[in-house]
Amino acid sequence: MALNADNVRVGLNGNIYLAPKGTTAPVDLDTAWGAGWSDLGYLSEDGVSMEFSTDVTDINAWQSLSPVRRVLTSLDMTLGFTAIELKTATVKLYFPGSTMTDVSGTVHKLDIPAAPGPDERAIGLEWVDGSIKNRLIIPRGEVTERGAITIGRSDAVGLEMTISAYASSAPEIATWLSNDPAWSAA
């Protein structure tokens, strides 16, 4: 296979979208994110990290030094990012089950529960590289890890989060749409 620098991609720009679990996601790259989807806004310059991992269990036999079979025992897919736009959607995502109320016209209050319940959402990730567009849609997931919130003089206050994808009624844990000409169904 020949090397082709035209197939090297970067994420020049992108967004993360959230919606209530069960919200219909775009089925192509031209459809706008519909009702119920909200854009989380600015993310740190690090962008988004996507991780996909599997675990297997080796089945060994007395007659063999190497495994005679490997069984897939788990699959994990996560998205990690730091939201730097502090708004109701990002703060409530970081603090699950929290409620935002207006105390007055200019003062707002966030109540953070002592024992929050599950906070499952539909998640969309979109990124572009020139005319190449990608969308990753996770029908069911939630924030499972949170980093420290650092408040300082020289950096934006960031809400570091990791979203874990969960199995849903669909056979897929996620769907990745792309108009990348280097992709083919061959």
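Basis of the calculations
- Residues numbered from 1 in each chain as written.
- Predicted model: local features only at pLDDT ≥ 70, side-chain atom pairs only at ≥ 80, totals over all residues.
- Heavy atoms only, no water.
- Phe/Tyr/Trp six-rings, centres within 6.5 Å; stacked < 30°, edge-to-face > 60°.
- Helix = DSSP H or I, 4+ residues; strand = E, 2+ residues; numbered from the N terminus.
- Buried < 20%, exposed > 50% of the residue type's maximum accessible area, 1.4 Å probe, protein only.
- Contact = heavy atoms within 4.5 Å.
- Patch = residues over 30% accessible without salt bridge, like charges linked within 9 Å, V, L, I, M, F, W, Y side chains within 5 Å.
- Areas by Shrake-Rupley, 256 points an atom, 1.4 Å probe, with all protein chains shown as cover.
- Salt bridge = Lys/Arg side-chain N within 4 Å of Asp/Glu carboxyl O.
- Core = buried A, V, L, I, M, F, W, Y, C linked by side-chain atoms within 4.5 Å.
- Lys, Arg positive; Asp, Glu negative; His and termini not counted.
- Charge placed at Lys NZ, Arg CZ, Asp CG, Glu CD.
- Pairing = 2+ DSSP bridges.

Participant: Would you take a moment to explain the packing of aromatic side chains for this structure?
Facilitator: Two aromatic rings are characterised by how far apart their centres lie and by the angle between their planes. Evaluation of the coordinates by the stated rule reveals five aromatic pairs. For the ring pair Y17 and W33, a centre distance of 4.5 Å and an interplane angle of 15° mean the geometry is stacked. Here Y17, found in strand β1 (residues 13–20), pairs with W33, found in the loop between β1 and β2 (38–39); they are 16 residues apart in sequence, far enough to count as distant. Across the pair, exposure class does not vary: Y17 and W33 are buried alike. Arranged with centres 5.2 Å apart and planes meeting at 70°, the rings of W176 and W183 form a pair that is edge-to-face. Under the relative-accessibility criterion, W176 is labelled partly exposed at 39%. Put simply, the rings of Y17, W33 and W37 touch in pairs and so form one group of aromatic residues.

Participant: So what exactly am I meant to see when it comes to the environment of L110 here?
Facilitator: In this structure, L110 sits in strand β6 (residues 108–111). Judged by relative accessible area, which is 24%, L110 ranks as partly exposed. Taking the C-alpha atoms as reference points, L110 and T54, 56 residues apart in sequence, are found 38 Å from one another. Setting aside chain neighbours within four positions, we find L110 in contact with V91, K92, F95, S98, T99 and M100.

Participant: Please clarify how a nonpolar patch on the surface should be interpreted in this entry.
Facilitator: There is a patch of nonpolar side chains on the surface, built from M50, W176 and W183 and spanning about 310 Å² of accessible area. Among the structural elements, W183 can be located in the segment after β10 (175–178). Here W183 falls in the partly exposed class, since its relative accessible area comes to 42%.

Participant: I tried to follow the pattern of salt bridges on my own but got confused; where do I start?
Facilitator: Close approach of charged atoms allows side chains with opposite charge to pair. Within this structure, the stated rule accounts for eight salt bridges. Note that R9 is salt-bridged to D180, the shortest N-O span being 2.6 Å. Of the two residues, R9 is situated in the segment before β1 and D180 in the segment after β10; the sequence distance between them amounts to 171 residues. By relative accessible area, R9 is classed as partly exposed at 28%. Since its relative accessible area comes to 8%, D180 is described here as buried. Residues participating in the shared-partner salt-bridge network are K21, E120 and R140.

Participant: How should I be thinking about the side chain of S44 in this particular structure?
Facilitator: With respect to the helices, strands and loops of the structure, S44 is situated in the loop between β2 and β3 (49–59). Taking relative accessible area as the criterion, S44 reaches 17% and is therefore assigned buried. Beyond its immediate stretch of four places on either side in the chain, S44 contacts T82 and I84.

Participant: Looking at this model, I keep getting lost on the nonpolar core. Mind explaining?
Facilitator: With 23 residues, the main nonpolar core has I16, F81, L93, I123, L136, I138 and M161 as its most contacted residues. Listing elements by their share of this core, those giving two or more residues are β1, β4 (69–83), α1 (88–94), β7 (121–129), β8 (132–146) and β9 (159–165). Formed by eight residues, the second largest nonpolar core is a distinct cluster that contains Y17, L29, A122 and L177.

Participant: Could you clarify how one ought to interpret a negative patch on the surface in this entry?
Facilitator: On the surface, a cluster of negative charge is made up of E51, D55, D76, E145 and E160. Its place among the elements puts D55 in strand β3. Residue D55 is classed as partly exposed on the basis of its relative accessible area, which comes to 46%.

Participant: Help me understand the pairing of β6, please; the structure alone is not making it clear to me.
Facilitator: Along a regular strand, successive side chains alternate from one face of the sheet to the other. Note: strand β5 (residues 99–102) against β6, four bridges, orientation antiparallel. Following the sheet pairing, T101 is matched in β6 by K109. Following β5, the chain reverses through five residues before pairing antiparallel with β6.

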